[in-house]
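Here is how the chains run, residue by residue.
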Amino acid sequence: MDKILEVKNLSKHFADFTSVDEVDFFVEEGGFFSILGPSGCGKTTLLRMIAGFLDESEGDILIRGKSMKGVPPENRPVNIVFQSLALFPMMNVRENVAFGLKRKKLKKDEIDKKVSDMLGRVGLTGFEKKKVTELSGGQRQRVAIARSLVMEPSILLLDEPLGALDRKLREHMKVELKLLQRELGTTFVYITHDQSEALVMSDKIAVMNKGRFEQLDTPRNLYKSPKTAFVAGFVGESNKFVITNREGDTITTKRGLKLNKPGIDFEPNIMHVRPEAFILYPADDLKDISTFEVKIKTILFDGSNTKLATLVDGSDDEILIALPQNAQFESLSEGDLVNIGVHQDDLKCYLEE
Amino acid sequence: MIEKKSFNAAFWLLIVPVLLWLVLLIVLPHIDLLISSFQAKNSAGEMEFSLKNYMAFFNNDIYWGTFMRTAGYAIFVTMLAFVITFPIAFYLTKVISKKNAGFLILLLLIPLWVGELVTVYGWMILLGDHGVINHFLMGIGIINEPINMLYTDFSMILGLLYMSMLFMVVPIMSTLESLDDSYIEAASDLGATKWTIFTKIIIPYSMPGIVSGAIIVFMLVIGDYLAPNILGGKSSLWFTEQIYSKFLQTFNWGEGAAFGFLLLLLSSGIIWIALKLSGQKLERVGQ
Amino acid sequence: MKKKILLSVAALALTTSALTAGEVLKIITWKGYADKALVAAFEKETGIDVKITYSNNEEMIAKLRATRGAGFELAQPSQDRISFVQKEFPIYQPIDFSKVNTDQLITSMVDAVKKNTAVDGKSYGVPFCYGTTGLIINKKEAPGAGDWSDLWNEKYKGKISYRLKRPLLIGAAFGMGEDPFALYGDIEAYKKLMAKVEKKLIDSKSYVKNYWTSGDTQVNIIKSGDANVISGWDGKGWAVHKVNPDIDFVAPKSGALGWIDTFAIPAKAKNVEAAYKWINFTLAPKNAAFFTNKEKYGTASKGASEFLTADVKADFERSFTSADIDNIKWHPPVPAGFEAIEAEVLDRIKAAK
């Protein structure tokens, strides 16, 4: 696969802070690349630099190996779908989608053909004459994507385009976007603060925090093996423990839990454990398991995603435990004491500054 | 039930003064004028229904000539006001910070505070043969003879522009304020040049504001009296002056009233044509 | 309860307005005709509250016509503008000369005004003051100018100004060697004369700097140097002379136009007694002299001359030789319909290129 986008040591300094701090990565042709981070992490700044709305302070951006230094947005082979969608309210659907083609000075029949092709692809055939203000949220979304895709960009940049949609529609659009990207083969660079969007759609995800990439990996690796405490906490759900002491293979948490974690060559102070890593009533013959007893505080029923909020004796800190979909545990109720275990590989320890 | 009753009482208490004001001060006098515009003396010297007052306008080329001149200048001043104020409105809403903009808008309001008469005299001091500008230009030796600026169409247009400009800035600003910067970025992302963004995005987007500003300025200018009368030159006959002279100099209230209604009708007609030509709808203008 | 309150409020409003109504004198007049000092003295002497509205001949007539003669106790139209208005719209009431102290007035003036304002054997005006319309000339810049015909003299090209109103048409006619007043009985001949005047003024329009429109713009245009030969009022010319001795009022060789402003009582005046009190008060010699000293207009008060300042006498003597005085053309009453002819002429002159 070719590198379609290369970002080299890119930084952006503003008067009083650094928004993007020496970021370095590449995106492969046809990939779905997400930049995931909390608001204020610099992901929007990074995207706007790629689109050309902001100049970089240091470093370089290359598209198909060509430096984009000094190239204005209208001349970059990228198009962007804005968070607000930015559909032109005084134009109808057709005029919106045709806007960029007209700027390329294509012939009218060619424009008509491309517009109706693209509207067909996003499932909006017959909507040409509609005012954009008359469309539903999902339809507007698709018009915005069509308007950018019709330009046949090398890279499509998407700035949290699902943010304004309601939950149900968002779930639906996630799948639709992913399928559309597969079908078209266009490279997507997608920024979001919603880890579930990123995990579902992306081939590669960069987790960004305070202007830097914490980890760049596949969704699976990101979830299974978060390299930093931030990634562990930000991607997926996890229980955070503060480590107060380590003696050999035994670590002691602030809550007084003593857990077995061999093979650490540093002094960790933070530990993350996923809710589904806990095993209810572990069998005695399981190896490398630390066990302890918790008391059920509440059952957070959420269908397939039901969890137990539990307390370790003598502490107010909650531990969330995923409840397997198993009739065996239906009898559990609030106040019950439960014996749980966790495998040593599922204890992710970090040194956080 | 009780609540509903008291709501009704409050409703009537609020609406009655408005209705009274409308009927007594606006509707009734206009009906009176409308009636007198259709009254003229017959050969026996008695008042009777007649179209004579309206015919007087069309039969005398001075009258409709003056109207055409007035309307032409009003259109010109309106366009000029747009060309001058649009960049100002854009600058105030999109370029500088809100805080500074507030201060500059306050400066723009000054001409309204001091009143039209004062600003008109201000222009006289500036533009006269021995006024500030000529004095300065002659002082630094650019010209030897004063330039004739006062009492010309130039000074009249300046005065008209000055008093009406603000009414163009404000509605344009309010539409531009709602213009999301992402529209501009999206257009430029789709390959539009600055000029295209201006003509295809910014102008169409602010059209409702432009149209309402243009209507206000046009009506203000076509109905103004002071600036054409005092700053205008010796040929600057304005249609309002003719209405004034019908009422006050020749005491021909019938013709005066007819001319007043013609001004209303013809200027509304011009606005209607302008809306049609630009593809705008009046209902959208208020938004 | 509410009704009672409303009623008592209304009753209160009625009684208070009734109480003050008897003591108010509302005068519609020209600027300067009711000086603050005189108003204060009058209020002190009589206890009557004086309210002044500034206006001019045209507005006075229009306002009184709109209210059919109500709203004011006194008006001050020019004597030539009373009879034709009164014939068509009865807006004034006849003067009761038994209530006017005619002993303190110049008899010949009273008689002239009585005659000129008579309708059906009753007179409607008491003389108040008089003045002339002539030329105001910057003698340094325009030496030798001194007649109405200088308003179209090429010598003063670009430095001429006048008020494009009926007195100018009359003055211009005199300047052309005609006597417009002699044609007041012959409307056709008058029309022809006006056509001649129109042609003259249109032909010479390029010499005109601008048409002045009010007392203030008249003073402004000659004082600023924008014009050197203008038509003007004697009082204004003398006022400018004080500031700039080069400028003075000049009685035109073919005759200054004399006007007399009067007191007239509107038909529906509420407090006629107060009106007569004011007439007699302002025309008392000392008060009349105070007015003339300040405003420079001649007074109809007989005994005022001994209280006039030397300035005022000097102004008059400088501008008027005894021949000039004999040559003053006093405005006779305007016949009905003549102003419509003049208005059209004025419109055509203003509209001309």
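How each quantity is defined
- Residues numbered from 1 in each chain as written.
- Chains lettered and ligands numbered in written order.
- Predicted model: local features only at pLDDT ≥ 70, side-chain atom pairs only at ≥ 80, totals over all residues.
- Heavy atoms only, no water.
- Helix = DSSP H or I, 4+ residues; strand = E, 2+ residues; numbered from the N terminus.
- Buried < 20%, exposed > 50% of the residue type's maximum accessible area, 1.4 Å probe, protein only.
- Contact = heavy atoms within 4.5 Å.
- Areas by Shrake-Rupley, 256 points an atom, 1.4 Å probe, with all protein chains shown as cover.
- Lys, Arg positive; Asp, Glu negative; His and termini not counted.
- Charge placed at Lys NZ, Arg CZ, Asp CG, Glu CD.
- Rg over C-alpha atoms; globule rule 2.2 N^0.38 Å.
- Axes fitted to C-alpha atoms, helices over the stretch in contact; angles between N-to-C directions.
- Parallel < 35°, antiparallel > 145°, perpendicular 65-115°, else oblique.
- Nonpolar A, V, L, I, M, F, W, Y, C, P; charged D, E, K, R; others polar.
- Polar contact = N/O pair within 3.5 Å; in protein donor to acceptor, adjacent residues only side chain to side chain.
- Pairing = 2+ DSSP bridges.
- Phe/Tyr/Trp six-rings, centres within 6.5 Å; stacked < 30°, edge-to-face > 60°.
- Lys NZ or Arg CZ within 6 Å of the ring centre and 35° of its normal.
- Buried area = accessible area lost by both parts, 1.4 Å probe.
- Salt bridge = Lys/Arg side-chain N within 4 Å of Asp/Glu carboxyl O.
- Core = buried A, V, L, I, M, F, W, Y, C linked by side-chain atoms within 4.5 Å.
- 1 Å grid on protein atoms, 1.4 Å probe; cavity = no way out; pocket = protein on both sides within 12 Å on 5 of 7 lines; lining within 4 Å.
- Points joined across faces, edges and corners; volume = space filled by probe spheres on them.
- Domains from an automatic or database assignment.

What about the overall build of chain C?
Then, number 1: When helices and strands are counted, chain C shows 14 helices and 15 strands.
Then, number 2: Oriented by its inertia axes, the alpha-carbon framework of chain C measures out at about 80 × 45 × 45 Å.
Then, number 3: The buried share of chain C, taken over its 353 residues, is 54%.
Then, number 4: Once local pairs closer than 6 in sequence are excluded, the contacts in chain C between residues at least 24 apart make up 75%.
Then, number 5: Taken as a whole, chain C presents about 15,300 Å² of accessible surface, with 56% of it coming from carbon and sulfur.
Then, number 6: Considering chain C, the positive charge centre built from 49 side chains and the negative charge centre built from 42 side chains are found 6 Å apart.

A word on the overall build of chain B
Then, number 1: For chain B, the helix and strand inventory stands at 13 helices and two strands.
Then, number 2: Taking 19 Å as the expected radius of gyration for a compact globule of 287 residues, we find that chain B reaches 24 Å, considerably beyond that expectation.
Then, number 3: With respect to the principal axes defined by its C-alpha atoms, chain B has extents near 80 × 75 × 35 Å.
Then, number 4: The burial tally for chain B puts 44% of its 287 residues in the buried class.
Then, number 5: In the form shown here, chain B has an accessible surface area of approximately 15,300 Å², with 73% of it arising from carbon and sulfur atoms.
Then, number 6: On chain B, the mean spot of the 15 positive side-chain charges and the mean spot of the 18 negative ones are 7 Å from each other.

Structural notes on the packing of helix α9 (residues 234–243) of chain C against helix α12 (residues 310–319) of chain C
All names here are of chain C.
Then, number 1: In contact at an axis separation of 11 Å, α9 and α12 are set at 110° when each is read in the N-to-C sense. The orientation of α9 relative to α12 falls into the category roughly perpendicular. Packed against α9, whose contacting residues are W238, H241 and K242, the element α12 presents D311, D315, F316, R318 and S319 at the interface.
Then, number 2: Looking at the contact of α9 with α12 residue by residue, the class counts come to two nonpolar, two polar and four charged.

Description of the side chain of T66 of chain B
Residue and element names in this part refer to chain B.
Then, number 1: Mapped onto the elements of the fold, T66 is located in helix α3 (residues 61–95).
Then, number 2: A distance of 3.3 Å separates a polar atom in the side chain of T66 from a polar atom in the side chain of Q242.
Then, number 3: Contacts of T66, omitting those with residues within four sequence positions, involve D61, L237, W238, F239 and Q242.

What about helix α11 (residues 239–248) of chain B?
Then, number 1: With respect to burial, α11 of chain B is a largely interior element, eight of its 10 residues being buried.
Then, number 2: Within α11 of chain B the residues assigned to the buried category are F239, T240, E241, Q242, I243, S245, K246 and L248 of chain B.

Some words on the sheet that holds strand β20 (residues 348–350) of chain A
All names here are of chain A.
Then, number 1: Strand order across the open sheet formed by five strands is β13-β12-β11-β14-β20, with antiparallel pairing between neighbours. Here the strands that pair on one side only, and so sit at the sheet edges, are β13 (258–260) and β20. The sheet shows a mean angle of 40° between the axes of neighbouring strands, taken without regard to direction.
Then, number 2: Direction of pairing for strand β11 (residues 239–247) relative to strand β14 (residues 270–273): antiparallel, over a ladder of four bridges. Considered in β14, the bridge of F241 is made with M271.

Comments concerning unusual backbone geometry
Residues and elements named next belong to chain A.
Then, number 1: One non-glycine residue, E22, lies in positive phi territory at about 45°.
Then, number 2: Mapped onto the fold, E22 is located in strand β2 (residues 18–28).
Then, number 3: The class of E22 is partly exposed, set by a relative accessible area of 46%.
Then, number 4: If you check the backbone angles, L85 has positive phi at about 70° while not being a glycine.
Then, number 5: Relative to the elements of secondary structure, L85 occurs in the loop between β6 (78–81) and α2 (93–103).

Considerations on the side chain of N287 of chain C
Residue and element names in this part refer to chain C.
Then, number 1: Structurally, the position occupied by N287 is in helix α11 (residues 285–295).
Then, number 2: According to the relative accessible area criterion, N287 is buried, its value standing at 18%.
Then, number 3: When near neighbours in sequence (up to four residues on either side) are disregarded, N287 contacts L38, F281 and T282.

Observations concerning the packing of aromatic side chains
Then, number 1: Here the structure, examined in full by the defined rule, presents 51 aromatic pairs over all chains.
Then, number 2: Here W238 of chain C and F316 of chain C contribute two aromatic rings whose centre-to-centre distance is 6.3 Å and whose plane-to-plane angle is 65°, an arrangement assigned as edge-to-face. Here W238 of chain C is found in helix α9, whereas its partner F316 of chain C is found in helix α12, with 78 residues between them in sequence.
Then, number 3: Through pairs of rings, three or more aromatic residues link up here, namely W30, Y33, F128, W259, F263, F291 and Y297 of chain C.
Then, number 4: A cation over a ring is seen here: R274 of chain A above Y223 of chain A, with NZ or CZ 4.0 Å from the ring centre.

Comments concerning the interface of chain A and chain B
Then, number 1: Contacts between the two partners involve 20 residues from chain A, matched on the other side by 16 residues from chain B.
Then, number 2: Across the interface of chain A and chain B, roughly 1,600 Å² is buried in total on both sides, 65% from carbon and sulfur atoms.
Then, number 3: Along the contact surface separating chain A from chain B lie one salt bridge.
Then, number 4: Across the salt bridge formed by E185 of chain B and R48 of chain A, the nearest N and O atoms sit 2.5 Å from each other.
Then, number 5: Between the two partners, chain A and chain B, sit five residue pairs in polar contact (both at pLDDT 80 or more).
Then, number 6: Contributions of two or more residues to the side of chain A that touches chain B are made by β6 and α2 of chain A.
Then, number 7: Looking at side-chain class alone, the side of chain A that touches chain B contains 13 nonpolar, three polar and four charged residues.

Thoughts on the nonpolar core
Then, number 1: Counting residues in each nonpolar core, the largest one holds 125 residues, and the members touching the most others are L5, F25, L46, F88, L157 and V189 of chain A.
Then, number 2: With 13 residues, helix α9 (residues 194–222) of chain B is the single largest residue contributor to this core.
Then, number 3: Apart from the residues within four sequence positions on either side, L5 of chain A is in contact with F25, F26, V27, I50, I61, L62, I63, I155 and V189 of chain A.
Then, number 4: Core analysis: the second largest hydrophobic core is formed by 52 residues, V85, A145, Y184 and L257 of chain C among them.

Some thoughts on the pattern of salt bridges
Then, number 1: The final tally for this structure, using the stated rule, is 37 salt bridges over all chains.
Then, number 2: Between K246 of chain B and E255 of chain B there is a salt bridge, and its shortest N-O distance comes to 3.0 Å.
Then, number 3: Note that D35 of chain C and K294 of chain C form a salt bridge whose closest N and O atoms lie 2.7 Å from each other. With a gap of 259 residues between them, D35 of chain C in the loop between β1 (24–29) and α2 (36–46) and K294 of chain C in helix α11 connect regions that are remote in the sequence.
Then, number 4: Each of E58, D80, R81, R166, E339 and E342 of chain C takes part in salt bridges that share partners, so that together they form one network.

Side note on empty space enclosed by the protein
Then, number 1: Applying the stated rule across the entire model yields two cavities of 30 Å³ or more.
Then, number 2: Of the voids in this model, the largest cavity is the one considered here, and its volume is about 40 Å³.
Then, number 3: What lines the largest cavity is M124, Y151, N229 and I230 of chain B together with N210, Y211, W212, T213, T217 and I221 of chain C.
Then, number 4: Counting residues per element, the ones that place at least two in the lining of the largest cavity are α10 (226–231) of chain B together with β9 (208–211) and α8 (215–223) of chain C.
Then, number 5: Taken together, the residues of the lining of the largest cavity sort by class into six nonpolar, four polar and no charged.
Then, number 6: Its volume calculated, the second largest cavity comes out at about 30 Å³.
Then, number 7: Within the residue set of the lining of the second largest cavity, elements represented by two or more residues are β6 and α4 (137–149) of chain A together with α8 (181–189) of chain B.
Then, number 8: The biggest single contributor to the lining of the second largest cavity is α4 of chain A, with three residues.
Then, number 9: Residues of the lining of the second largest cavity, tallied by class, amount to seven nonpolar, one polar and two charged.

Some points on the domain arrangement of chain C
All names here are of chain C.
Then, number 1: Segmentation of chain C into domains returns domain 1 (2–130 + 260–324) and domain 2 (132–258 + 328–351).
Then, number 2: For domain 1 and domain 2, the distance between their C-alpha centroids amounts to 28 Å.
Then, number 3: Opposite the 18 residues of domain 1 that make contact, domain 2 presents 21 residues.
Then, number 4: The contact between domain 1 and domain 2 buries some 1,900 Å² in all, and 55% of this surface belongs to carbon and sulfur atoms.
Then, number 5: On the domain 1 side of the contact with domain 2, D80, K296 and F320 bury the most area, a combined 27% of that side's loss.

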